[in-house]
Amino acid sequence: MNISFEAPFHTITRYETIESIEFYDQFLNWLRGEFDLYLMEEFDGLKVYYPNGLFSVKLFSKNENDLFIEIEIRSKTLKSVNEVSSKIETVYAHLKNMA
């Protein structure tokens, strides 16, 4: 996990290895449900705009056996970054436990 501050945004960037495209699709689907009241873009992953910031989830792969996602959270307040990060981590951990 990488945490940085570039005025006016606090940014957390995290990379996670995933097992399959199906897990990625399910993760995005659950995030859409968790943040369904906010504006979303679904081009090249998922980008969600919430008050004071946004987060994005993108899939990267070198081949079918080497998949990972990038989760980037940007917000004007550190409290907001931590709250959104906690929600995303909860969804991710729940899905990992189900797999």
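This text gives an overview of the structure that appears in the document. (Residues numbered from 1 in each chain as written. Predicted model: local features only at pLDDT ≥ 70, side-chain atom pairs only at ≥ 80, totals over all residues. Heavy atoms only, no water.)

### Quick notes on the overall build of the protein
For clarity, the cut-off: To qualify as a helix, a DSSP run of H or I must reach at least 4 residues; to qualify as a strand, a run of E must reach at least 2; elements of each kind are numbered from the N terminus. Restricting the calculation to C-alpha atoms gives the radius of gyration, and the globule rule supplies 2.2 Å times the number of residues raised to the power 0.38. Only heavy atoms matter for contacts: two residues are in contact if any of them lie within 4.5 Å across the pair.
Along the backbone of the protein there are two helices and six strands. Across the protein, helices and strands are ordered from the amino to the carboxyl terminus as β-β-α-β-β-β-β-α. Taking 99 residues into account, the globule formula puts the C-alpha radius of gyration at 13 Å, and the protein, at 13 Å, falls close to it. Taking the principal axes of its C-alpha atoms as reference, the protein extends roughly 40 × 25 × 25 Å. Counting only contacts in the protein whose residues sit at least 6 apart along the sequence, the fraction spanning at least 24 positions is 53%.

### Considerations on the nonpolar core
Condition: Among buried residues, those of type Ala, Val, Leu, Ile, Met, Phe, Trp, Tyr and Cys that are joined through side-chain atoms within 4.5 Å constitute a nonpolar core. Three labels apply to residues, based on accessible area from a 1.4 Å probe with only protein chains included: buried if under 20% of the type maximum, exposed if over 50%, partly exposed otherwise in between.
Membership of the largest hydrophobic core comes to 23 residues, with the highest contact counts inside it found for F27, L31, F55, V57, I69, I73 and I88. Top element by residues in this core is helix α2 (residues 78-98). It accounts for six residues. Setting aside its immediate chain neighbours within four residues, I88 contacts F27, L31, F35, F55, I71 and I73.

### Structural notes on the environment of P51
One can find P51 in the loop between β4 (46-50) and β5 (53-63). By relative accessible area, which is 53% here, P51 ends up exposed. For the pair P51 and Y38, spaced 13 residues apart in the sequence, the C-alpha separation amounts to 8.6 Å. Those residues in contact with P51 that lie beyond four places of it in its chain are Y38 and S80.

### Focus: unusual backbone geometry
At D44, a position not held by glycine, the phi torsion is positive, near 60°. One non-glycine residue, N52, adopts positive backbone phi at about 75°. Assignment of secondary structure puts N52 in the loop between β4 and β5. Using a relative accessible area of 44% as the deciding quantity, one classes N52 as partly exposed.

### Describing the pattern of salt bridges
It is possible for side chains of opposite charge to pair when their charged atoms get near one another. For clarity, the threshold we go by: One side-chain nitrogen of Lys or Arg within 4 Å of one carboxyl oxygen of Asp or Glu is enough to make a salt bridge.
Tallied over the entire structure, the rule returns five salt bridges. Here E83 and K79 are joined by a salt bridge, their closest N and O atoms 4.0 Å apart. Separated by four residues within a single helix, E83 and K79 lie in helix α2, roughly one turn from each other. Several salt bridges share partner residues, and in doing so they unite R14, E16 and E89 into one network.

### Some points on the packing of aromatic side chains
Within a pair of aromatic rings, the relevant descriptors are the distance that separates the centres and the angle that separates the planes. The condition that has to hold: In this scheme Phe, Tyr and Trp rings, the latter by its six-membered ring, pair at centre separations within 6.5 Å, and the angle between planes marks the pair as stacked below 30 degrees, edge-to-face above 60, and tilted otherwise. In this scheme, the term charge over a ring applies when either NZ of a lysine or CZ of an arginine sits within 6 Å of the ring centre and within 35 degrees of the ring normal.
All told, the structure shown has seven aromatic pairs when counted by the stated rule. Ring geometry for F23 and Y92: centres 5.6 Å apart, planes at 90°, overall edge-to-face. In this pair, F23 sits in helix α1 (residues 21-34) while Y92 sits in helix α2, placing the two residues 69 residues apart along the sequence. An aromatic cluster of three or more residues is present, and its members are Y15, F60 and F68. Geometry around F9 places R74 over its ring, the cationic atom sitting 4.5 Å from the centre. Between the NZ or CZ atom of K96 and the centre of the ring of F23, over which it lies, the distance is 5.7 Å.

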